[in-house]
Amino acid sequence: MLNTVNTKTSLSGWVLAIVRTLEEESYDCELLLNELQIDRQELESLKCRIDQEQVTQLWLKANQICGDSNLGLKAAKHMRPANLHVVGHAMSCSGSLKLALKRFIRFRHLFAEAALMNLIEQDKTVVCTLEVETKGLPPAFQAYDLCLASIVCLFRWISDDEKLAPLSVSFEHSAPSDDFFYRNFFQCPVLFDQTITSLTFDRELLEYPVPIANEELATVLDDLAMKYLNSHQEGTFTQIVRQELITLLPKGEPNRSTVASALHVGDRTLLRRLQKENTTYQEVLDLLREELSYGYLKRSDLSLEETAYLLGFSDVSAFSRAFKRWTGTSPGQWREGANQ
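Residues numbered from 1 in each chain as written. Predicted model: local features only at pLDDT ≥ 70, side-chain atom pairs only at ≥ 80, totals over all residues. Heavy atoms only, no water.

1. A look at the pairing of strand β4 (residues 125-132)
Here is step 1: A large share of β4 lies buried, amounting to seven of its eight residues.
Here is step 2: Pairing of strand β3 (residues 115-121) with β4, which is carried by seven bridges, proceeds in the antiparallel orientation. Residue Asn118 lies in a different strand from β4, and its bridge partner there is Thr129.
Here is step 3: Strand direction decides the pairing type here: β4 and strand β7 (residues 197-202), joined by six bridges, are antiparallel. Within β7, the position partnered with Cys128 by the bridge is Leu199. (Buried < 20%, exposed > 50% of the residue type's maximum accessible area, 1.4 Å probe, protein only. Helix = DSSP H or I, 4+ residues; strand = E, 2+ residues; numbered from the N terminus. Pairing = 2+ DSSP bridges.)

2. Remarks on the packing of aromatic side chains
Aromatic ring pairs are reported here in terms of the distance separating the ring centres and the angle at which the planes meet.
Here is step 1: By the definition in use, this model includes 15 aromatic pairs.
Here is step 2: Residues Phe171 and Phe192 carry aromatic rings whose centres are separated by 5.9 Å and whose planes lie at 20° to one another, so their mutual orientation is stacked. Within this pair, whereas Phe171 is found in the loop between β5 (168-170) and α10 (180-186), its partner Phe192 is found in the loop between β6 (190-191) and β7, the two being separated by 21 residues in sequence. In terms of burial, Phe171 and Phe192 fall into one category: buried.
Here is step 3: Ring pairs connect the aromatic residues Tyr294, Phe313, Phe319, Phe323, Trp326 and Trp334, which therefore count as one cluster.
Here is step 4: When the ring centre of Phe185 is taken as origin, the NZ or CZ atom of Arg156, which lies over that ring, is 5.5 Å away. (Phe/Tyr/Trp six-rings, centres within 6.5 Å; stacked < 30°, edge-to-face > 60°. Lys NZ or Arg CZ within 6 Å of the ring centre and 35° of its normal.)

Laid out in structure tokens, this is it:
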């Protein structure tokens, strides 16, 4: 079930949601799991990783078994924070839904390596985009459905509001013969045959505080999630780039060409190798800076000016803007809360 570092994997919580959906429809999944060499006991632990090829095969066989185009949406109803391990728990105590969404995107490689996601913040809306990159079989369209629907389900669970809805949902895949289930599930306009798969939310909605918000606890869980992520990425090109950035950051923000030169690879090669691991240079840089900032801010011997310098920012203002984008609060406020 486990695989090499070069093969995409997903946390078993996704697969368990699919299996439980099939069983809810009165299908016996034991033979199916045995055929795909997926151990049910390990699956139930929510800690093992499943090869992306196995996940795609599971979707294909599930389609053959029940022929239900709504399977991805139905599976999302089985998603709870525990399905995403420590990331799900960090999301549930985030200060706002926007911070929860940022955590989902930031740590997505822990539970879905094949996912490439971006957050686009505009004046009145926040757009979350999704691509799924695999090395083998193209992903089933239900994989996209499950991911977007899971975000909505988790938001409804976290906010204790079953009526919570995005402004709109877009899918690249074609519409099913009857899209009523999609519209009823998302409670908003659902568009098909689009150029991108995405969720669009009202910005004010995402900035509402979560009922059980505890950002201090969420930050502790972030540290744990980052340790898991670093351990999982050990030996990857992403990790090599991170290590080089740690060396270069105190000298100012390193551009992509500088890092490529230091690693003795071409600029395009660096881009291509990071893309193979479903990330980008800017994302690696931003996540590293965010991770390092928490540790630096906990140190009373470092001023905000020194922290900004160590992170490669030109001044404290640039650092403060970035930190507020990551966390929703200023570095000074976060430091006061962390050191209480």
